[in-house]
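Tertiary structure, described
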Amino acid sequence: MMVDPEEEETMEEITFKSDTVLSDVHLNTPNKRHLMVRLNAVGQPVFLSQFKLLWNKDPWKDTQVEDKKQKNIQIENNTLDYRSIQKSCGKNSNGIDCLDKNETQIHPCMRIEALLDNDGDLEVVRRPRTFSETKQKELSRNKIHPKILTQGAENVSEEVQENVHHSMVKIEHTMATPLEDVGKQVWHGAFLLADYILFQCDLFKSCTVLELGAGTGIASIITATVAKTVYCTDVGEDLLAMCERNVTLNRSLTATAGGAIKVKELNWLKDDLCTDPQVPFSWSEEEISDLYAHTTIIMAADVFYDDDLTDALFKTLYRITHNLKDACTIYLSIEKRLNFTLRHLDITCEAYNHFRFSLNDLEKLRDGKMKFIVEPIEATFPQFLVYERIEQLELWKIVAAPIS
């Protein structure tokens, strides 16, 4: 078959198409911790992942940041087996191959010289026969073999609930979603916020807390281990249904503290809360009254990726704080993401920059009713969840108080 030269050139041209976003949390989580459990209402695969809680350990020890700042910490990501696998593979903590497991301090150049013969040629050391095929399979990357257990199931089985261990948070989520569905994934900002909540649990104890853009609900679930009531809010029936399933999956974590989580719809683009009883996750008049009368903490994690949504969130914060009976504290976590833009022909952080501008505008706001005091929180507090706390993560505190 003859191929036109122009067509051949087109065929050889490499094009990249990307209409999905994948969280680093899921990208780095070992596949063996992903279990595909169902398809959601829109046909997306839903996975179940476990995230370890360091309840019974000294978190300072695990994060290795006692008496020093934690800006550049690098913690193993969601797997406790990684270091043991490195040792089995003959690698030290930096991932460098070692000829002898007991000689991890040997300089790389010395190891290379040890592999050379008298003529300076590289002499390949064969793998010992004791390294069985079974061992090799154990060390190989685990593959995902998804099995759909249910499709669009409404209730979580009792067996799944009973298997929830107190040291694990189990979260249902999707992976590689379109931008409009990124709330169905878990993001680093939620972990940072959860760490702070557990570190400063006295600040959240017995409080009424409102989370905006809760996504999978992991931050709300952690908060409910210390708070009295958590209003876990987002938009979209399918997302809120997933969030409610996660609340059920982790009921054993919140049952001891007695914290109640109420999954509700809160659309930043609308001024009023939905009270239509026919709409799933709508509000009752009693819940709205309780929200405005008792909420003292508002929080949001990793929701600043679109300028229009960022504007809508700050308008929502302004509106809600003006309706609260008492002063409140707002906690916002964000990951500073670097992107190359054609407009600037450079690497920029446009979403982050817009967030900072909005933060400054809020602090400078003078309406005669409220004052907003903004301050950063250094990420020097310990980790209570096992993840990689990258230096691009930031946590901000806003005190919103009425002007007397």
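One structure accompanies this document, and this report is about it.

Definitions and limits used
Residues numbered from 1 in each chain as written. Predicted model: local features only at pLDDT ≥ 70, side-chain atom pairs only at ≥ 80, totals over all residues. Heavy atoms only, no water. Helix = DSSP H or I, 4+ residues; strand = E, 2+ residues; numbered from the N terminus. Contact = heavy atoms within 4.5 Å. Areas by Shrake-Rupley, 256 points an atom, 1.4 Å probe, with all protein chains shown as cover. Buried < 20%, exposed > 50% of the residue type's maximum accessible area, 1.4 Å probe, protein only. Polar contact = N/O pair within 3.5 Å; in protein donor to acceptor, adjacent residues only side chain to side chain. Pairing = 2+ DSSP bridges. Right-handed = clockwise from strand over helix to strand, strands pointing away. Axes fitted to C-alpha atoms, helices over the stretch in contact; angles between N-to-C directions. Parallel < 35°, antiparallel > 145°, perpendicular 65-115°, else oblique. Left-handed = near helix turned anticlockwise from the far one by under 90°. Phe/Tyr/Trp six-rings, centres within 6.5 Å; stacked < 30°, edge-to-face > 60°. Expected span 1.5 Å × (residues − 1). Salt bridge = Lys/Arg side-chain N within 4 Å of Asp/Glu carboxyl O. Arc of directions from axis to C-beta.

A count of helices and strands for the protein gives 15 helices and 13 strands. Put simply, of all contacts in the protein between residues at least 6 apart along the chain, 72% involve residues at least 24 apart. For the protein, the exposed area adds up to about 23,300 Å²; of that, 50% sits on carbon and sulfur atoms.

It is worth spelling out unusual backbone geometry at this point. Negative phi characterises most residues that are not glycine, and trans characterises most peptide bonds. Residues other than glycine seldom take positive phi values, yet alanine 176 does so here, at roughly 50°. Note that alanine 176 resides in the loop between strand 4 (168-173) and helix 8 (188-199). Phi angles above zero are rare outside glycine, and serine 206 is one such case at about 60°. The topology assignment puts serine 206 in the loop between helix 9 (201-204) and strand 5 (208-211). With relative accessibility at 53%, the residue serine 206 sits in the exposed group.

Turning our eyes to something else, we now look at the side chain of serine 23. Structurally, serine 23 can be placed in the loop between helix 1 (5-12) and helix 2 (24-28). For serine 23, a relative accessible area of 1% corresponds to the buried category. Engagement of the side chain of serine 23 in a polar contact is seen with the backbone oxygen of valine 186, the distance being 2.5 Å.

What follows deals with the pairing of strand 8 (residues 295-301). Summarising burial for strand 8: six of the seven residues are buried, a large majority. Sheet topology places strand 5 next to strand 8; four bridges connect them, and they run parallel. The residue bridging leucine 210 from the neighbouring strand is isoleucine 298, located in strand 8. Of the pairings in the sheet, the one linking strand 8 to strand 9 (residues 328-335) comprises five bridges and is parallel in character. When the bridges of strand 9 are listed, alanine 301 appears paired with serine 333. In this region the chain leaves strand 8, passes through helix 14 (residues 307-323) and returns to the parallel neighbour strand 9; the handedness of that crossover is right-handed.

To continue, consider the sheet that holds strand 12 (residues 370-377). By way of backbone hydrogen bonds, the strands of a sheet pair with one another, either parallel or antiparallel. Spatial strand order, 7-6-5-8-9-13-12: seven strands in an open sheet with mixed pairing. Two strands close off the open sheet at either side, each with one partner strand: strand 7 (260-265) and strand 12. Shown here is a sheet whose adjacent strand axes are inclined to one another by a mean of 20°, direction ignored. Where strand 6 (residues 229-234) and strand 7 come together, six bridges link them in parallel fashion. Bridging across to strand 7, cysteine 232 finds its partner in valine 263. Sheet contacts for helix 13 (residues 285-294): strand 5, strand 6, strand 7 and strand 8; angle to strand 8, the most-contacted strand, approximately 95°.

A few words now on the environment of lysine 315. Within the secondary structure, lysine 315 sits in helix 14. In this structure the C-alpha to C-alpha distance between lysine 315 and leucine 269, which are 46 residues apart in sequence, comes to 8.9 Å.

Between helix 14 and helix 15 (residues 350-364), the shortest axis-to-axis distance is 10 Å and the interhelical angle comes to 25°. With respect to each other, helix 14 and helix 15 are oriented roughly parallel. Relative to helix 15, the crossing made by helix 14 is right-handed. Note on element contacts: helix 15 touches helix 14 through Glu350, Ala351, His354, Phe355, Ser358, Leu359 and Leu362, opposite Asp307, Thr310, Asp311 and Phe314.

In this section: the packing of aromatic side chains. When we look at a pair of aromatic rings, we describe it by the centre distance and by the angle of the planes. Applying the stated criterion to the full structure yields 11 aromatic pairs. Considering the side-chain rings of phenylalanine 304 and phenylalanine 355, the 4.5 Å spacing of their centres and the 45° angle between planes classify their relative orientation as tilted. Here phenylalanine 304 is found in the loop between strand 8 and helix 14, whereas its partner phenylalanine 355 is found in helix 15, with 51 residues between them in sequence. Taking relative accessible area as the criterion, phenylalanine 304 reaches 3% and is therefore assigned buried. Owing to a relative accessible area of 0%, phenylalanine 355 belongs among the buried residues under this scheme. Put simply, the rings of Tyr196, Phe199, Phe204, Tyr331 and Phe381 touch in pairs and so form one group of aromatic residues.

Here helix 14 is 17 residues long and its end C-alpha atoms lie 25 Å apart, about the 24 Å a rise of 1.5 Å per residue gives. Within the sequence span of helix 14, burial applies to Thr310, Ala312, Leu313, Phe314, Thr316, Leu317, Ile320 and Thr321. Capping of helix 14 at its N-terminal end is provided by aspartate 306; its side-chain oxygen lies 3.1 Å from the backbone amide nitrogen of aspartate 308.

To continue, consider the pattern of salt bridges. On inspection of all chains with the given rule, the structure shows nine salt bridges. For aspartate 195, the salt bridge goes to arginine 389, with nearest N and O atoms at 2.8 Å. Of this pair, aspartate 195 sits in helix 8 while arginine 389 sits in the loop between strand 12 and strand 13 (393-402), and the two are 194 residues apart along the sequence. The residues aspartate 195 and arginine 389 share a single accessibility class, namely buried. When salt bridges that share partners are traced, they join Arg38, Glu172 and Arg245 into one network.

With that out of the way, let us pick up helix 15. Its 15 residues give helix 15 an end-to-end C-alpha distance of 21 Å, which sits within 8% of 21 Å, the value for a rise of 1.5 Å per residue. Those residues of helix 15 not exposed but buried are Tyr352, His354, Phe355, Ser358, Leu359 and Leu362. The arc that holds the buried residues of helix 15, viewed along the axis, is 160°, so those residues lie on one side. The exposed set on the far side of helix 15, more than 90 degrees from its buried face, consists of Phe357, Asp361 and Lys364.

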